[in-house]
Amino acid sequence: MVNHTVRVLAVAAAMLTSTAGVDVTKLGAQTAGNDTRGRTLYVKVGCETCHGPNGQETAAAPRIAGSGRELAAFIAYVRKPLGSMPPQSAQAVSDQVLADIYAFLRAAPAAGGEATKNAPAGRADAGATLYRKVGCYQCHVNEGQGGANGPRIGPDPIPFARFVQYVRSPTGQMPPYTDKVLSNQELADIYAWLQARPRPPAVNTLPPLAP
Amino acid sequence: MAKSTRAKKPLERRQFLRQGALAGAAALVAPPSVAAAQGPAASPAPLPPAPAMTMAAETVPPAEAQVLGDNQRAGSDFMVDVFKSLGFEYVCENPGSSFRGLHESFINYGGDRDPELVTCLHEEAAVAMAHAYYKAEGKPIAVLSHGTVGLQHAAMAIYNAWCDKVPVYVILGNYNDAAIRRGAEWYHGVQDAALMVRDYTKWDDAPWSLTHFAESAVRAYQIAVTPPMAPVVLVLDGMLQEGPIPKSQHLPIPKLSVPAPPQGDSAAVTEAARMLVAAENPVLVADRLARTPNGMKLLVELAEALQAAVVDQGSRMNFPSRHPLNQTLREGAVIAEADVVVGLEVSDFWGTVNALRDQLHRSTRRLAKPDAKLVTITTGDLYIRANYQDFRRLQDVDLAIAADAEATLPALVDAVKRLTTADRRRVFEERGAKLAEASRAAAERTRVAASYAWTSTPVSVARLCAELWAQIKNEDWSLVSSYYSFDVGGWARRLWNFDKPYQWLGHGGGGGIGYGAPAAVGGALANRKHGRLSVAIQTDGDLMYVPGVLWTAAHHKIPLLSVMHNNRAYHMEVMHVQRMCNARNRGIDRGMIGSEITNPNIDYAKLAQSMGVYAEGPITNPNDLAPALRRAIAVVKRGEPALVDVVTQVR
């Protein structure tokens, strides 16, 4: 028991050191992330377990895709998170790894812009038909709201580049769609429809959802 | 006189067969009457007894008396005495001539009370009703069926009960004696009736005599309800049922002694407690843990003593859904963080700590940390069969305790409390506070998730569950069946406050569709005498396997609210076909072929109405749902079944 307590204290000390060790002012070009590496590392580090394959909101964890948080703040949070998220020490997960994951979540190299800017123009009405025809609704449900078999994908879909990448080459259970069966334009149509999904009313205005 | 003498001989022989406790022993030491019946030439040398059918095949003129004498009763009357002694409240049956003797004894000799016959329109429904009844009441009921065609109908449901470790007591009729079979009794006759279900039943017998029957009937019950529990089969010969026996004859009924379930080895339990107390992030995973209402109390006590995360995999009502330590919504997260994982009657422990990726080339990865300590407590280690693969993949563990988890929990709780120091308690309390915050946040995110697609048509399943919850949450309710076979991630489980053992009955076990509808009626039958409001979220595909069970509910006045989750397809299968379409790069457009239930759409309200069930629908506008549910609940409160057909989104 004594030994165990000592070990706990040692881990806690290491956490504090590593958090203190992140110099948020010196995370410049040398930690610019590689989003391709980040995609693999996101799964390997275990982020996917709670945040889902693309950082969408799940019951276990909030949305982190397309985060507006700066890289330095992102790293600082991962080192010393609030709530139930387990901390990741610098020994276990380096700043560079976190920068790569950050780039993946932003859907573009950290130095670049948001990939949503590159989305081709989509037609939401065509997307509505396609969404059903190619079976997205089977897991993501009729309005993109998600369920037990797939996360919510609309409104506020993940950045378009990441969206296309995942559909073409998913890392989780989702079956892949090649451009032979679903063109980039068709994906853009579906994306436009997902963007157009209405936001729900505030939960507290829905009496049946009262606990 | 000569005629009456000849007529008497075979009767005596049959009595010998019916009454003999051990036919072999009887041959070795034949009582005087039997020796006489065998004739003066009976040899003192041991001979095997003549098979019943050979003896009865002798050409014997019929006796003049063709009804039971005043001093006689039927063999099946005694069978009813035995079944009454076992405390069966109901026998679910679909009538069959091979048990006509027993059927008559149940209704006339037994007065159709304790047990009362429940008329089912399919044997699959009869077994599934008994399956769910057990889980609601903690007591088996019997199923009565033909030994051949009836059992063939029942087989899938028996397999479900086997996988779900539920005792279902199956009684089959069969005419063994080929020399005296009528026409239908030939193709309804079988040498070894239980053979076809022997791979997924725990025990069976085909008794040769009434004494043998009494022992086997009691033994079958004891075996069925001793963990690991499972279905049992008793095959009753038609002539054993129908033949007369003297009323004066005393046939013993063995006393029912249900064995205490096996508790874990005390040293192993102490070791498990040490690991749990020392752990930073212990996780308790329960699947078929709660055999009785006490199971949930014990798991709460253990979890609170440790302030440990609990994952309820949902084959039983193991843990209150809104308990702050319930981390079921965060299962992946807590397993990934765990340093000790304890599986309590978990059937798929490998799948708990690993994941399989279902792509063209399947791959697996471990979810738990490589150095996480793994412990299992399960009766699954005590009994396993080879052919059917419901035992799942082998997971190597650090400590395996072959025992009943519920029976072992009191000792584990005591050991944990004994080993917990003040220092550890402070750590536990901090951990508990974090877990409580995480479960609160997860519940809040779930409510937000349920609000999406709130007003869309067809009705979202989250909306359906929320509307139903709003109508029942102030009642003494019980969810007797739900929309997925394995729907721990389903909306009812995510949104509702489950805190009583009977509020959730688990799933079908084997994934055999056609369980849900009859299970709901069986659960509702158990709930009836307790005055509970039974509700089912009924899928369309499942209902159409055995829709006649709605008639059973109406006929026997079993109060049950069935709310249709009518998504007009076998959508789970659509997903599988779609996965193949994708993997083969052939396009998904045709993926619905073979799985849709449209063109024409089935009118479930009319279907239910045709069988005497109050019904409304189809409802497509979510705003129409609440008033319809209120009207239907009023009917159910009058003691009848009601159905509301809701056209829903996929899942």
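Our subject is the structure listed above.
Now for a description of the structure that goes with this document. Keep in mind the model is a prediction, meaning the values are calculated, not measured.

**Some details on the overall build of chain B**
Right, so step 1: Each helix and strand in chain B was counted, giving 25 helices and 20 strands.
Right, so step 2: Counting across all 651 residues of chain B, residues that qualify as buried make up 57%.
Right, so step 3: Here the contacts in chain B between residues at least 6 apart in sequence split such that 81% fall between residues at least 24 apart.
Right, so step 4: Accessible surface, chain B: about 26000 Å² in total, of which carbon and sulfur atoms supply 54%.

**A closer look at the interface of chain B and chain A**
Right, so step 1: Taken residue by residue, the interface counts 57 residues in chain B and 51 residues in chain A.
Right, so step 2: Both faces combined, the contact of chain B with chain A buries some 4800 Å², and carbon together with sulfur accounts for 55% of it.
Right, so step 3: For the chain B face of the interface with chain A, the top three residues by lost area are Arg445, Arg447 and Tyr452 of chain B, together amounting to 16%.
Right, so step 4: For the pair chain B and chain A, the number of links is two salt bridges.
Right, so step 5: Glu48 of chain A is paired through a salt bridge with Arg365 of chain B; the nearest N and O atoms lie 3.3 Å apart.
Right, so step 6: Along the contact surface separating chain B from chain A lie 26 residue pairs in polar contact (both at pLDDT 80 or more).
Right, so step 7: Contributing elements (two or more residues each) for the side of chain B that touches chain A: helix H12 (266–278), helix H14 (331–337), strand S12 (354–357), helix H17 (422–451), helix H18 (461–472), helix H19 (491–495) and helix H23 (571–583) of chain B.
Right, so step 8: For the side of chain B that touches chain A, the leading source of residues is H17 of chain B, giving 11 residues.

**A look at the nonpolar core**
Within soluble globular proteins, side chains that are nonpolar tend to cluster in buried spots.
Residue and element names in this part refer to chain B.
Right, so step 1: Ranked by size, the top nonpolar core spans 60 residues in total, and within it Cys92, Met129, Ile158, Val168 and Leu643 carry the most contacts.
Right, so step 2: When residues in this core are grouped by element, the largest group, nine residues, is from helix H8 (residues 149–163).
Right, so step 3: There are two domains that each give this core at least three residues, and those are domain 2 (75–246) and domain 4 (452–647).
Right, so step 4: Ignoring any residue separated from it by four or fewer positions in sequence, one finds Val168 in contact with Val127, Ala130, His131, Val143, Ala161, Ala230, Pro231 and Val232.
Right, so step 5: The next biggest cluster of nonpolar side chains, apart from the first, holds 51 residues, and it includes Ala279, Leu284, Ala303 and Leu325.

**So, unusual backbone geometry**
Right, so step 1: Residue Gly154 of chain A is joined to Pro155 of chain A through a cis peptide bond whose omega torsion reads -5°.
Right, so step 2: Within the secondary structure, Pro155 of chain A sits in the loop between helix H7 (136–140) and helix H8 (160–168).
Right, so step 3: Pro227 of chain B connects to Pro228 of chain B through a cis peptide bond whose omega is -5°.
Right, so step 4: As for its position among the elements, Pro228 of chain B is in the loop between helix H10 (210–225) and strand S7 (232–237).
Right, so step 5: Positive phi values are uncommon outside glycine, yet Asp156 of chain A reaches one of about 55°.
Right, so step 6: Tracing the backbone shows Asp156 of chain A in the loop between H7 and H8.
Right, so step 7: When its relative accessible area of 37% is taken as the criterion, Asp156 of chain A is described as partly exposed.

**Let's talk about the pairing of strand S3 (residues 116–119) of chain B**
All names here are of chain B.
Right, so step 1: With four bridges connecting them, strand S2 (residues 90–93) and S3 associate as parallel partners. Residue pairing across strands places Val91 opposite Leu117, the latter belonging to S3.
Right, so step 2: Between the parallel elements S2 and S3, the chain passes through helix H6 (residues 100–109) in a crossover that is right-handed.

**As for the packing of helix H5 (residues 75–85) of chain B against H10 of chain B**
All names here are of chain B.
Right, so step 1: As a packed pair, H5 and H10 sit with axes 10 Å apart at the nearest point and diverge in direction by 25°. Here H5 is positioned roughly parallel relative to H10, judged by the angle of their axes. The element H5 and its partner H10 pack so that their crossing is right-handed. Within the contact between the two elements, H5 uses Gly75, Phe78, Met79, Val82 and Phe83 and H10 uses Leu210, Phe213, Ala214, Ala217 and Val218.
Right, so step 2: A per-class count over the contact of H5 with H10 returns nine nonpolar, one polar and no charged.

**Some words on the packing of aromatic side chains**
Each aromatic ring pair is characterised by the separation of its centres together with the angle its planes make.
Residues and elements named next belong to chain B.
Right, so step 1: Summed over all chains, the structure comprises 25 aromatic pairs over all chains.
Right, so step 2: Measuring from centroid to centroid gives 6.3 Å for Tyr169 and Tyr221, while their planes differ by 50°, and the two rings are tilted. Note that Tyr169 is positioned in strand S5 (residues 169–174) and Tyr221 in helix H10, a separation of 52 residues in sequence. Taken individually, Tyr169 and Tyr221 each receive the classification buried, so the pair is uniform in this respect.
Right, so step 3: Between the aromatic rings of Trp469 and Trp477, the centroid separation amounts to 5.7 Å while the plane-to-plane angle is 85°, which identifies the pairing as edge-to-face.
Right, so step 4: Look at Trp469 and you get buried, because its relative accessible area is 5%.
Right, so step 5: A relative accessible area of 2% means that Trp477 is categorised as buried.

**Here we look at the pattern of salt bridges**
Two side chains that carry opposite charge are able to pair once their charged atoms sit near each other.
Right, so step 1: All chains considered together, the criterion is met by 36 salt bridges over all chains.
Right, so step 2: Beyond isolated ion pairs, a larger network of salt bridges with shared partners links Lys135, Asp164, Asp287, Arg288 and Arg316 of chain B.

Analysis parameters
- Residues numbered from 1 in each chain as written.
- Chains lettered and ligands numbered in written order.
- Predicted model: local features only at pLDDT ≥ 70, side-chain atom pairs only at ≥ 80, totals over all residues.
- Heavy atoms only, no water.
- Helix = DSSP H or I, 4+ residues; strand = E, 2+ residues; numbered from the N terminus.
- Buried < 20%, exposed > 50% of the residue type's maximum accessible area, 1.4 Å probe, protein only.
- Contact = heavy atoms within 4.5 Å.
- Areas by Shrake-Rupley, 256 points an atom, 1.4 Å probe, with all protein chains shown as cover.
- Buried area = accessible area lost by both parts, 1.4 Å probe.
- Salt bridge = Lys/Arg side-chain N within 4 Å of Asp/Glu carboxyl O.
- Polar contact = N/O pair within 3.5 Å; in protein donor to acceptor, adjacent residues only side chain to side chain.
- Core = buried A, V, L, I, M, F, W, Y, C linked by side-chain atoms within 4.5 Å.
- Domains from an automatic or database assignment.
- Pairing = 2+ DSSP bridges.
- Right-handed = clockwise from strand over helix to strand, strands pointing away.
- Axes fitted to C-alpha atoms, helices over the stretch in contact; angles between N-to-C directions.
- Parallel < 35°, antiparallel > 145°, perpendicular 65-115°, else oblique.
- Left-handed = near helix turned anticlockwise from the far one by under 90°.
- Nonpolar A, V, L, I, M, F, W, Y, C, P; charged D, E, K, R; others polar.
- Phe/Tyr/Trp six-rings, centres within 6.5 Å; stacked < 30°, edge-to-face > 60°.

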